[in-house]
Amino acid sequence: MKKKFLAVMAATAAVLTGCSAQQGQRETAAATETVTETVTKAVSEQKMVSETQTEEEKTAADGLFGTFQTMTLDGEAADQDIFTKADLTMVNIWGTFCQPCISEMPELGELAEEYSQKGVQLVGIISDVKSPLDLDATAIVDYTGADYTHLVLSEDLTGGYMRQVQVVPTTVFLDDGGKQIGDVYTGARSKEEWSAILDELLGSLE
């Protein structure tokens, strides 16, 4: 009887040990799965951060507007090399619907002419025009005498710095490598104010 009792106890212990082992295996598998998911998520997040950093580094290396292809309002091809044509480029982002933009363009045209011998060029980017020879934009440029180069939007420009532009006019200044110099200016300014800013930036390049 004693032997039978011991046998039953041994069998019970074996069953209990088996259940415990199976439960441990399930817990281990669950823990492993959780760790795997955590590691996978961390790797994915790190990859996204790395991709973002790479894109930011690429933009910084290529200049404020990055690498782009577009057209001028006159229908000529243009890209980021346009900024290499001057020591300092004043980029004025404007819209055909924007009265403050249009109001300052006559004086911007005068500045473009007066500062051309000082290594400065003006480039307009039309925020609401995607096609060359746009009638509204052309009429505004002719009326205001702002006959410097104006770029129309392309997918490259729309997908780059232009995504950050919330207000027109917005004006930025670039060196001959297309990198930003000084501040970002929102709103229209007088010729005298722009002259002071240009003189200061030119002095910083010397």
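Residues numbered from 1 in each chain as written. Predicted model: local features only at pLDDT ≥ 70, side-chain atom pairs only at ≥ 80, totals over all residues. Heavy atoms only, no water.

S.K.: Looking at this structure, I do not really get the overall build of the protein. What am I missing?
M.R.: Per the secondary structure count, the protein includes five helices and seven strands. Secondary structure elements of the protein, listed N to C terminal, follow the sequence α-β-β-β-α-β-α-β-α-β-β-α. Each of the 206 residues in the protein was classed as buried or not, and the buried ones make up 34%. Here the contacts in the protein between residues at least 6 apart in sequence split such that 74% fall between residues at least 24 apart. Counting only carbon and sulfur atoms, one obtains 54% of the accessible surface of the protein, whose full area is about 12,500 Å². (Helix = DSSP H or I, 4+ residues; strand = E, 2+ residues; numbered from the N terminus. Buried < 20%, exposed > 50% of the residue type's maximum accessible area, 1.4 Å probe, protein only. Contact = heavy atoms within 4.5 Å. Areas by Shrake-Rupley, 256 points an atom, 1.4 Å probe, with all protein chains shown as cover.)

S.K.: How do you make sense of the packing of helix H2 (residues 99–114) against helix H5 (residues 191–205) when you look at a structure like this?
M.R.: In a pair of packed helices, the angle between the axes and the distance between the axes together describe the arrangement. In contact at an axis separation of 10 Å, H2 and H5 are set at 40° when each is read in the N-to-C sense. Pair H2 / H5 crosses with right-handed handedness. Residues Glu104, Glu107, Leu108, Glu110, Leu111 and Glu114 of H2 form the contact with H5, whose participating residues are Lys191, Trp194, Ser195 and Leu198. Its residues assigned to classes, the contact of H2 with H5 comprises four nonpolar, one polar and five charged. (Axes fitted to C-alpha atoms, helices over the stretch in contact; angles between N-to-C directions. Left-handed = near helix turned anticlockwise from the far one by under 90°. Nonpolar A, V, L, I, M, F, W, Y, C, P; charged D, E, K, R; others polar.)

S.K.: Is there a simple way to explain the pattern of salt bridges in this structure?
M.R.: Opposite charge on two side chains makes pairing possible when the charged atoms of those side chains draw close. Considering all chains together, one arrives at two salt bridges under this definition. Between Glu114 and Lys191 there is a salt bridge, with its nearest N and O atoms 2.7 Å apart. Of this pair, Glu114 sits in helix H2 while Lys191 sits in helix H5, and the two are 77 residues apart along the sequence. (Salt bridge = Lys/Arg side-chain N within 4 Å of Asp/Glu carboxyl O.)

S.K.: Any chance you could explain the packing of aromatic side chains here in plain terms?
M.R.: The geometry of an aromatic ring pair is captured by the separation of the ring centres together with the interplanar angle, meaning the angle of the planes. Evaluated as defined, the whole model comprises six aromatic pairs. Consider the rings of Phe65 and Tyr161, whose centres lie 5.3 Å apart with planes at 70°: the pair is edge-to-face. Here Phe65 is found in the loop between helix H1 (2–62) and strand E1 (69–71), whereas its partner Tyr161 is found in the loop between helix H4 (155–158) and strand E6 (170–175), with 96 residues between them in sequence. One exposure class covers both Phe65 and Tyr161, and it is buried. By the ring-pair criterion, three or more aromatic residues cluster together here, those being Phe65, Phe68, Phe83 and Tyr161. A cation over an aromatic ring shows up here: Lys118 above the ring of Tyr115, its NZ or CZ 4.5 Å from the ring centre. Taking the ring centre of Trp194 as reference, the NZ or CZ of Arg189 above it sits at 5.6 Å. (Phe/Tyr/Trp six-rings, centres within 6.5 Å; stacked < 30°, edge-to-face > 60°. Lys NZ or Arg CZ within 6 Å of the ring centre and 35° of its normal.)

S.K.: What am I meant to see in the pairing of strand E5 (residues 149–152) here?
M.R.: For a regular strand, side-chain orientation follows a simple rule: the groups alternate between the two sheet faces. Looking at chain direction, strand E4 (residues 120–126) and E5 are connected through four bridges and run parallel. Note on E5: the bridge partner recorded for Val123 is Thr149. (Pairing = 2+ DSSP bridges.)

S.K.: Quick question: what am I supposed to make of the sheet that holds strand E3 (residues 88–94) here?
M.R.: Strand pairing in a sheet relies on backbone hydrogen bonds. The paired strands run either parallel or antiparallel. Taken in spatial order, the five strands of this open sheet run E5-E4-E3-E6-E7, and their pairing is mixed. Looking at strand neighbours, the two that pair on one side only are E5 and strand E7 (180–186), the edges of this open sheet. Between one strand axis and the next, the sheet turns through 20° on average, direction left out of account. For E3 and E6, the ladder comprises six bridges, and the chain directions are antiparallel.

S.K.: Is there a simple way to think about the nonpolar core in this case?
M.R.: Most often, soluble globular proteins have nonpolar side chains that are buried together. Counting 49 residues, the largest nonpolar core has Phe65, Ile93 and Phe173 as its most contacted members. Per element, the largest residue contribution to this core is six residues, and it comes from H2. Leave out the neighbours within four places in its chain, and Phe65 touches Phe83, Val91, Ile93, Ile125, Leu157, Tyr161, Met162, Val172 and Leu174. (Core = buried A, V, L, I, M, F, W, Y, C linked by side-chain atoms within 4.5 Å.)

S.K.: What's the story with the confidence of the model for the protein in this structure? I'm lost.
M.R.: Low-pLDDT stretches of the model should not have their predicted coordinates read in fine detail. Taken over all residues, the pLDDT of the protein has a mean of 82, while the share at 70 or more is 70%. In the predicted structure, residues 1–28 sits below a pLDDT of 50 and forms zero contacts with residues beyond four places in sequence or in another chain. The low-confidence segment residues 49–60 (pLDDT under 50) makes three contacts with residues lying over four places distant or belonging to another chain. (pLDDT = per-residue confidence, 0-100.)

S.K.: It is not clear to me how the packing of H2 against helix H3 (residues 135–144) should be interpreted in this structure. Could you clarify?
M.R.: Where H2 meets H3, the axes come as close as 8 Å, and the angle between the chain directions of the two elements is 45°. It follows that H2 is oblique to H3 by the angle criterion. With respect to the hand of their crossing, H2 and H3 are arranged in right-handed fashion. Across from Ile102, Met105 and Pro106 in H2, the residues of H3 making contact are Ile140, Val141 and Thr144. Looking at the contact of H2 with H3 residue by residue, the classes come out as five nonpolar, one polar and no charged. (Parallel < 35°, antiparallel > 145°, perpendicular 65-115°, else oblique.)

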